[in-house]
Amino acid sequence: ADLSLPLVGVTLVQHRGYLQQHIDESGWQSEGPASWDPSAHAERLPAVVEMRLGGHTVKIAAWKCLVRGESGGVVPVILLDSDLPENAESDRRLTDALYGGDERYRLAQEAVLGIAGLRMLRALGYASIHRFQLNEGHSALLIAELLREGRDQAHGAWDFEEVRRRCVFTTHTPVPAGHDRFSWELVSELLGETANDELLHMLSGGSQLDMTKVALNGSHYVNGVAKRHAEVSRGMFPDYRIEAVTNGIHTATWVGPSFAALFDSRVPGWRGDPSILRSILGVPHEEILDAHREAKRLLVERVRSSCGVELDANVLTLGFARRATDYKRTNLVFHDLDRLRAIARGRGGLQFVFAGKAHPQDEGGKHLIQSVVEAGRALGDQVRVVYLPNYDMDLARVMVAGCDVWLNTPRKPLEASGTSGMKAAANGVPHLSVLDGWWLEGHIEGVTGWAIGTRDAHSAADSDDAGELYDKLGSTIAPMFYGDTMAWANVVRHAIAVNGSYFHTRRMV
């Protein structure tokens, strides 16, 4: 929308969202529905399309939400909705929940997205779309529907090359759970009347319907979301050419109010073209530090109102917020509590602010959250630790701007890109991270932040990475934060000038 490009987005409406997170005193997560009313944000459209699922007809309606850009451009997002009185109760729930239900529910959702999604675009008058971009394999059945559509028009011939020419596929993760596979028995039972069985076997091959393979075989261009991620993806799928387009963030969305005011004053035009943020190097240190102090004040207020804990605005505060799942190693920084206590005692103090949800079925992720809460209880006032519930965009904006250092400790090479660190950098918050994903491209040691480990693609033992984390924190980061204000301000400036000016959506698009 910022670039006034002619695009339309298609997704599911998700009335119940992902989850409402509750964390009890022991640190254990429980979940509730995160209800969302599309009528408050979108316009109900008159069009209704049909598809066959499991031997009966399902009707799909749609909502239209308009995204308005800085330049006046507008991009409509079509939200597919199966909650219609004409549908069976189970079918009405198909567009309710992100990551909801069992394999059957998931395959049905992906059929709605890929097949009904194209039919809805046609019903709305989008007759001449030049390119379709598939994000993950979840929408890969679009390819089968495009082939069916072309075959109907050509009276019997599959036009693979024409469909490939029109499709682009972006893979977003090397984690196996992100690459959906379904049994052929389920596919035949659910999609037998909707998608040609022989065609799906040709597109996928193998003993299961592999949605990633369908997307790979049906697209003329494939990309990962960071240079390292493209390398890892080529190792996973060696028969395919996979390029890299490193992710970016929508800078104007993620810059906090104090830095937005500073940029408006000192770097006019940054909202439309964040690349000019490199000129922040000419802004006086004190103005930048003042902007950060205000952002940190908002974080301290948010923590106080959320959980009743009073953080000290003068203490070095590290932030960590992302999905709670095993490879993210949420609790790595608590590997050795005695060493953490010693750093805090000898260097001026430490504080940690955590957030992030675990998938309802991810028991390991829930145990990670609990271990952070337990570590915080063990550390007490020596190292204050808070875990804020219900991480969402609003909380993220406060955290990425208000922390002093952004922490990321994934197990290599499973971090496809990571974007929270980019959001932090745009607010002058330097990164302390394992060298994986985007950080391999954004890292300049002691200039934009600090590295944990080496640049190779193999993860070190947790004890080794934790040891290096403590070394950097105790010997470099804390002494600079507490003892050399000008050097610290220079890192803050370079986080913006080097990383904030590059890792943004304008460059990505």
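A quick note: this is a predicted structure, and the numbers were derived from the prediction, not measured. (Residues numbered from 1 in each chain as written. Predicted model: local features only at pLDDT ≥ 70, side-chain atom pairs only at ≥ 80, totals over all residues. Heavy atoms only, no water.)

Further remarks concern the overall build of the protein chain. Looking only at helices and strands, one finds 19 helices and 19 strands in the protein chain. What you see for the protein chain is a C-alpha radius of gyration of 24 Å, in line with the 23 Å of a compact globule of 509 residues. Overall, the protein chain is about 75 × 50 × 45 Å in size when its C-alpha atoms are taken along their principal axes. Burial status across the protein chain gives 53% buried among its 509 residues. Between the centroid of the 53 positive side chains of the protein chain and the centroid of its 64 negative side chains there is a distance of 4 Å. (Helix = DSSP H or I, 4+ residues; strand = E, 2+ residues; numbered from the N terminus. Rg over C-alpha atoms; globule rule 2.2 N^0.38 Å. Buried < 20%, exposed > 50% of the residue type's maximum accessible area, 1.4 Å probe, protein only. Lys, Arg positive; Asp, Glu negative; His and termini not counted. Charge placed at Lys NZ, Arg CZ, Asp CG, Glu CD.)

There is about 370 Å³ of room inside the second largest pocket. Every residue lining the second largest pocket is counted, 14 residues in all, and those nearest its centre are Cys 307, Val 373, Val 385, Val 386 and Tyr 387. When residues of the lining of the second largest pocket are assigned to their parent elements, the largest contribution, four residues, is made by strand β16 (residues 384–388). Classifying every residue of the lining of the second largest pocket by side-chain character gives eight nonpolar, two polar and four charged. (1 Å grid on protein atoms, 1.4 Å probe; cavity = no way out; pocket = protein on both sides within 12 Å on 5 of 7 lines; lining within 4 Å. Points joined across faces, edges and corners; volume = space filled by probe spheres on them. Nonpolar A, V, L, I, M, F, W, Y, C, P; charged D, E, K, R; others polar.)

Okay, the packing of helix α12 (residues 337–347) against helix α17 (residues 462–483) next. α17 packs onto α12 with a crossing angle of 15° between their chain directions and a minimal axis gap of 10 Å. When the axis of α12 is compared with that of α17, the two are roughly parallel. The handedness of the crossing between α12 and α17 is right-handed. Contacts from Arg 339, Leu 340, Ile 343 and Arg 347 of α12 reach α17 at Gly 467, Tyr 470, Asp 471, Leu 473, Gly 474, Ser 475, Ala 478, Pro 479 and Tyr 482. The class makeup of the residues in the contact of α12 with α17 is seven nonpolar, three polar and three charged. (Axes fitted to C-alpha atoms, helices over the stretch in contact; angles between N-to-C directions. Parallel < 35°, antiparallel > 145°, perpendicular 65-115°, else oblique. Left-handed = near helix turned anticlockwise from the far one by under 90°. Contact = heavy atoms within 4.5 Å.)

For the bond from Lys 412 to Pro 413, the omega torsion is -5°, close enough to zero to count as cis. With respect to the helices, strands and loops of the structure, Pro 413 is situated in the loop between β17 (405–408) and α15 (420–426). For Ser 4, which is not a glycine, the phi torsion comes out positive at approximately 55°. You can see Ser 4 is positioned in the segment before β1 (9–12). Ser 4 sits in the partly exposed class, given a relative accessible area of 45%. One non-glycine residue, Glu 136, adopts positive backbone phi at about 65°.

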